[in-house]
Structure formats: C-alpha cells, structure tokens
Amino acid sequence: MEPEIINYILQNKEKHYRLAYSYVKNKEDALDIVQDSIVKALKYQHNLKDIAYLNTWFYKIIINTAKTHLQKQKRYFTTDESLLEDYTPPIYDEYRHFELEQALSQLSYKEKTIILLRYFNQFELKEVADITDQNLSTVKSTLYRSLKKLKLLLEKD
Amino acid sequence: MKTNQNNNSYKEIEEQIVQYSEHIDIPEELDFIVKRAIKEGKAAPKQKHFNFNKWSKKVAAVASIAVASFVGMTNLSPTFAKSMSDVPILGALIKVISFTQFDYHKETSDATIETPIIEGLQDKTLEEVINNRYLEENKKLFEQFKAEVTDLESSGQSAHLGINSGFEIKTNNDQILSIGRYIVNTSASSSTTITYDTLDKQNEIIITLPSLFKDNSYIEVISENIKIQMLERIAADPTQHYWVEGAPNTDDDSFSIDNFECIDANQAFYISDAGKLIISFNKYDIAPGYMGIQEFEIPTEILQDILVSNYYIK
C-alpha cells in the first residue's frame, strides 16, 4: 500500500499545505504540519485497512496535527495583534482575503475544520462527518452556524 | 431560517473561501520537505535501536575496507587534517576524542559531522568495532547529505539544507560511559534522532537494555511507568502533548492511531551518573514534532524486583 500512499501525498501536497496554512497562518508551521503528517501517515500506514479511505484518513491526520500545532502556538502568541503590524497595506483583492482570514480565526477549531474541509477541499458532508468523527446532523448544524457567524463577521465593517 | 437571501449570501462566502484557499502561496520548499518527509516516514518503522551483536559481525567483516576509506576521507574534506581535537573527559584511561570528520559549507547547505573516537580500552577489538561503526555510520550520513544537495541543486530549487551530527557524553564516571550520538536535520523544519551506547568501563562490555533485567517483563513495567509520567507532565503543563491514552484535549478527535503502547525491547536508553535508567524517544515517536527528543527517568523502586542486580542501576 505504501506506493499508493506516497503517490497520493505527492499529488495532493499543495492542497494539504493550504489546509495546514489556513490553521496556523505562517509558512514554517504549515510546512511542519505537512511534514509531521506525512511521517505519521507512513509510520502508521498499517492502521489504514482499506485504501479507499486514504483521502479521508490522511485529512484526519492533518487536522489533528494542525490541532497540536495550534496548542503549541498558544504558548508563544497571546494575541494575533502582534502579527498584524507586519502586514503591508493590502491591495483590494488581498484585503478581502485578509478579512476572511480574520473572520475564520474567530471560529472555534471545530467550526473552522468543518468549513475548511467542506469548501477548501470540497468534501461531501458525509465525508466531513467521517473525518471529524461526528454524526452528519451535527456537521450540518455546525456548518450552517459557522457560515452564519462568518457572514455576520464580514458584514460588520 | 434559511431564506433565499441567506442562501445567496452564503454562496458568496463559500466562493470567497474557495478563492482564499487558491491565493495561499505555495512555498518553494514544499516539494523538498514532502520528499524528505516521505523518506523519513518510510524509514521510521524500521528505525530500531542498534543491535550490537549484529553490528559487530558486519563491522568485523568490513574492517579493512573501513580503514581504507578513512584514508580516502583526507581528500574528501580539506579541513580534515586540522580538525582533530582532543577532548579529554576524565583522568581515566578510557577517553573520548572528538573528531570533525566532515565539514561542508556552501551558500544554502551546510553539514558538520563530528565523530567520537573511544580510546584506552584494553580490549582492542571491541574498541575498533565501536569506532569503526561510528565512522561508517557518519560516512553514510554524509553521503546521503551530499546526494540530497545534488538532488536539490539539479531541481533548481534554493531551499536551505543542513545537517549537524555530533555526540554528547551523558555519563562518564569510574564505572559507566554513556555516549549519545545525535543527528539534527535542518531546513524549514527539523528532525532529530539520537542513539546511545553505554559501556561498562571496568569489564569493558556494552550494556544492552535486556541485559539489565531478569526477563522481558521490563517492557511492560517501564512502558506503564512512562504512560503515567506522560499524563503527569501534561497535567503540570497543558502545552505539553503526548500521544497517550487518557491525554486531555483528544476527547473530540478520537484520533488514537498513534498512541504510545510500549517501548521497544532495545529502546534507546542510557544510565545517568546517579545510576538511574533513562529511556529516550526520538522526535515524532511519542509526541508531536514540537516536543522534540523526550527522556524519562524510570524510578529504581519500580524496577527493583526485575533487575538482575543493582550493579548498574541504583
């Protein structure tokens, strides 16, 4: 099964990186998450019983690795404000993304994960439920609650 | 609750999120980091602690080759000749000499590989076997590094590559010499591995973990103690994280594929100056990467019943 896993990793590395980045919002930690996830996946590949679940299994590893990295970040940054000063004046397009990034950071880890998996990575709600080990109706209600939250946050300005 | 208007505005947010994801820049190093992680991951399950018996046979067989390549290395590194430096660590006859064998510095890549050389053993065969093994392993490490640099250069990327290997004397008293040899692999993120050798200086034998105990029950006794220590450390400092059953913050991810179960029969270990058994784990073995190398001191009380004697462990 190892060749399939490696092939999958190579083909999807950019998606994996972007998901990791959206959690930690810096390159170094995002690369660290990607690296940690790959090592873990290969090390524990015997836990993947069916290759059909490779994609959801791998995402499960990424989001959990991201979570432990976030716990580590908390140690160093008490507030995101310190990071904001480094931003150069944004052009419009980036400004919109910046706003969204800020809004996303207001969501809880759980809410954010569901949003990202659904729209970043285009997973079906059923798959999102599998990856996050929640039942479908919880995922649905969390998704709508999070979208509503995002909308309110983006409309505030 | 879901009016038409709401659905439309959600659609806008959805599109915005998709766009946002596409605007996250992919760094140059990603490709290299992914490839290196694959290499590391492939090697990970096979990463067993070194087995001395197996090695001594192999090394004895290639001893003459090793000597030959030693000479060859003079050409390999211009700094070879002047980099030998004495680091006497004790007045005792047995000492460890530091020897910077490979030094390689270029704009985006550098390697410093330092090899320990043990001197003063009565048993010259044992001394040679140990020293040849150190030399061979580091030579291999440097060859790998050079291959990676060539790889990276040919792909036209400019990521930073670094390797730093050396040794650390954990214990050196009249009875015990414990040497830890580490390899730090650095680029945008890093990995560290460490292996130990513990030598009984009086009897001139290498001490293995199983040799300390009456039977195999030590694996379970030590593993259970480490699990308790992990939970204690998490309780004392919530930023600490171990992959262990019962750890908090994992209640909603039920992601238990890599929980620590038990140590390897030949788990990396050393004996401290005070005669305590210290068990060591490499980065990623039992905790997320940011936790780095992890060490656990095992209380002698819990080992007392299964120890062969208190000769080494006190």
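On a predicted model such as this, the values are computed, not experimentally measured, just so you know.

This part covers the overall build of chain B. For chain B, the count of helices and strands is seven helices and ten strands. Long-range pairs, those at least 24 residues apart, make up 61% of the contacts in chain B between residues at least 6 apart in sequence. For chain B, the computed accessible surface area is about 15,200 Å², with 51% contributed by carbon and sulfur atoms.

Bringing the overall build of chain A into the picture now. Within chain A, the secondary structure is distributed over eight helices and zero strands. What you see in chain A, going N to C, is helices and strands ordered as α-α-α-α-α-α-α-α. Counting every position in chain A, which comprises 157 residues, the buried fraction comes to 52%. For chain A, the computed accessible surface area is about 7,800 Å², with 51% contributed by carbon and sulfur atoms.

Our focus in this paragraph is the sheet that holds strand S8 (residues 269-271) of chain B. Residues and elements named next belong to chain B. A sheet is described by the order of its strands in space; here three strands give the open sequence S8-S9-S10, paired in antiparallel fashion. Strands with a single pairing partner mark the edges of an open sheet, and in this sheet they are S8 and strand S10 (294-298). Averaged over all pairs of adjacent strands, the angle between their axes in this sheet comes to 25 degrees, without regard to strand direction. Of the strand pairs in this sheet, strand S9 (residues 277-281) and S10 are connected by five bridges, and their pairing is antiparallel. Each bridged residue has a counterpart across the sheet, and for Ser 280 the counterpart in S10 is Glu 295.

Now for the pattern of salt bridges. For the structure shown, the criterion picks out 15 salt bridges over all chains. The shortest N-O distance in the salt bridge between A:Arg145 and A:Glu111 comes to 3.3 Å. Taken as a pair, A:Arg145 in helix H8 (residues 136-155) and A:Glu111 in helix H6 (residues 109-120) lie far apart in primary sequence, 34 residues in all. For A:Glu111, the salt bridge identified is with A:Lys149, shortest N-O distance 3.0 Å. Of the two residues, A:Glu111 is situated in helix H6 and A:Lys149 in helix H8; the sequence distance between them amounts to 38 residues. Through salt bridges with shared partners, one network takes in B:Arg133, B:Glu137, B:Arg181 and B:Asp197.

Turning our eyes to something else, we now look at unusual backbone geometry. In the Ramachandran plot, A:Lys25 falls in the positive-phi region, its phi being about 55 degrees despite a non-glycine side chain. Position of A:Lys25 relative to the elements: it lies in the loop between helix H1 (2-24) and helix H2 (27-43).

What follows covers helix H5 (residues 124-154) of chain B. End to end, H5(B) covers 45 Å across 31 residues, agreeing with the expected 45 Å (1.5 Å per residue, within 8%). At the N-terminal end of H5(B), a side-chain oxygen is found 3.2 Å from the backbone nitrogen of B:Thr125, two or three residues along, and the residue is B:Asp123.

The subject of this paragraph is the nonpolar core. One finds A:Leu19, A:Ile38 and A:Ile115 to be the most contacted residues of the largest nonpolar core, which totals 59 residues. Sequence-distant contacts of A:Ile38, that is, excluding residues within four places in its chain, are made with A:Ile9, A:Phe58, B:Val34, B:Ala37 and B:Ile38. Counting residues in each nonpolar core, the second largest holds 32 residues, with B:Met230, B:Phe260, B:Ile286 and B:Tyr312 among its members.

Another aspect to go through is the interface of chain B and chain A. Between chain B and chain A, the contact holds 52 residues from the first and 52 residues from the second. Contact between chain B and chain A buries roughly 5,300 Å² in total, counting both sides, with carbon and sulfur atoms accounting for 65%. Between the two partners, chain B and chain A, sit three salt bridges. Looking at the side of chain B that touches chain A, the elements with two or more residues in it are helix H1 (4-22) and helix H2 (29-43) of chain B. Classifying every residue of the side of chain B that touches chain A gives 23 nonpolar, 15 polar and 14 charged.

All names here are of chain B. Scanning the entire structure with this criterion turns up eleven aromatic pairs over all chains. Pairing Phe 281 with Phe 296 gives two aromatic rings, centres 5.9 Å apart and planes at 80 degrees, and the pair type is edge-to-face. One end of the pair, Phe 281, is in strand S9; the other, Phe 296, is in strand S10, with 15 residues separating them in the sequence. This pair shows no difference in class: Phe 281 is buried, exactly as Phe 296 is. An aromatic cluster of three or more residues is present, and its members are Tyr 242, Phe 260, Phe 281 and Phe 296.

With that out of the way, let us pick up the side chain of B:Gln267. Residues and elements named next belong to chain B. Among the structural elements, Gln 267 can be located in the loop between helix H6 (217-236) and S8. Given the relative accessible area of 11%, Gln 267 is considered buried. A polar contact of 2.9 Å, which involves the side chain of Gln 267, links it to the backbone oxygen of Ser 280.

The next subject is the confidence of the model for chain B. Residues and elements named next belong to chain B. Taken over all residues, the pLDDT of chain B has a mean of 75, while the share at 70 or more is 75%. The low-confidence segment residues 1-6, where pLDDT is below 50, has five contacts with residues more than four positions distant or belonging to other chains. On the interface metric, ipTM, the complex scores 0.81, and its pTM is 0.55.

Residue and element names in this part refer to chain A. Of note, His 69 is situated in helix H3 (residues 54-76). For His 69, a relative accessible area of 1% corresponds to the buried category. Among all residues touching His 69, those that are not within four sequence positions of it are Val 24, Asp 29, Asp 32, Ile 33 and Asp 36.

What counts, and at which threshold
Residues numbered from 1 in each chain as written. Chains lettered and ligands numbered in written order. Predicted model: local features only at pLDDT ≥ 70, side-chain atom pairs only at ≥ 80, totals over all residues. Heavy atoms only, no water. Helix = DSSP H or I, 4+ residues; strand = E, 2+ residues; numbered from the N terminus. Contact = heavy atoms within 4.5 Å. Areas by Shrake-Rupley, 256 points an atom, 1.4 Å probe, with all protein chains shown as cover. Buried < 20%, exposed > 50% of the residue type's maximum accessible area, 1.4 Å probe, protein only. Pairing = 2+ DSSP bridges. Axes fitted to C-alpha atoms, helices over the stretch in contact; angles between N-to-C directions. Salt bridge = Lys/Arg side-chain N within 4 Å of Asp/Glu carboxyl O. Expected span 1.5 Å × (residues − 1). Polar contact = N/O pair within 3.5 Å; in protein donor to acceptor, adjacent residues only side chain to side chain. Core = buried A, V, L, I, M, F, W, Y, C linked by side-chain atoms within 4.5 Å. Buried area = accessible area lost by both parts, 1.4 Å probe. Nonpolar A, V, L, I, M, F, W, Y, C, P; charged D, E, K, R; others polar. Phe/Tyr/Trp six-rings, centres within 6.5 Å; stacked < 30°, edge-to-face > 60°. pLDDT = per-residue confidence, 0-100.

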